[in-house]
Amino acid sequence: MKSNIVIFWLLTTYFIILATVYTVWNISIHDRPEWAGSIAILLSGGLTAFIASYLGLVKKKQGGVQVADIDLADIDDGDPEVGEFSPWSWWPIFLAFALGLVILGVCIGFQFWMVFFSLPLVIVGVVGWVYEYYRGNFAR
């Protein structure tokens, strides 16, 4: 994380210097600044400064060295808790099939009948997946 912060601060410095050189160069050649390029390069420096500041705040909030920064760390040391997934659920497969039908209907010259009949399947798939823990053996 520390190296990323340094890289983004270096990019910020580079873009600010580049914007200054670009503006001075255009003034010396054309007797006026080229506003679109100068502002775009300067705003690129601002965006990299935002990213560097954000990474610095994240590092400060975490309060220590991340696993990725430790040379002797294993890959398993940095595995976060991803979430809860139902290995028995058929709803993602059903939803993927229904969305595939919708996309297929749109891609083949927008076949209205295919989209019309598959959109309710998408709604059923989303509702079924969201509410699968509210009924049956796995109700909470």
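Source: prediction; values computed, not measured.

### Focus on helix α1 (residues 2-30)
- Given a rise of 1.5 Å per residue, 29 residues ought to cover 42 Å, and the 42 Å separating the end C-alpha atoms of α1 matches this to within 8%.
- Looking only at α1, the buried set comprises Ile5, Thr12, Ala19 and Asn26.
- At the C-terminal side of α1, Asp31 shows a positive phi close to 65°.

### So, the packing of aromatic side chains
- What the rule picks out here adds up to five aromatic pairs.
- An angle of 55° between the planes, with centres 5.6 Å apart, marks the rings of Tyr14 and Phe15 as tilted.
- Given the relative accessible area of 47%, Tyr14 is considered partly exposed.
- Taken together, Phe112, Phe116 and Phe117 form an aromatic cluster joined through their ring pairs.

### Here's the deal with the side chain of Thr12
- One can find Thr12 in helix α1.
- Take Thr12: its relative accessible area is 6%, and that puts it in the buried class.
- Apart from residues lying up to four places away in sequence, Thr12 is in contact with Gly45, Thr48 and Ala49.

Reading the values: the criteria
Residues numbered from 1 in each chain as written. Predicted model: local features only at pLDDT ≥ 70, side-chain atom pairs only at ≥ 80, totals over all residues. Heavy atoms only, no water. Helix = DSSP H or I, 4+ residues; strand = E, 2+ residues; numbered from the N terminus. Expected span 1.5 Å × (residues − 1). Buried < 20%, exposed > 50% of the residue type's maximum accessible area, 1.4 Å probe, protein only. Phe/Tyr/Trp six-rings, centres within 6.5 Å; stacked < 30°, edge-to-face > 60°. Contact = heavy atoms within 4.5 Å.

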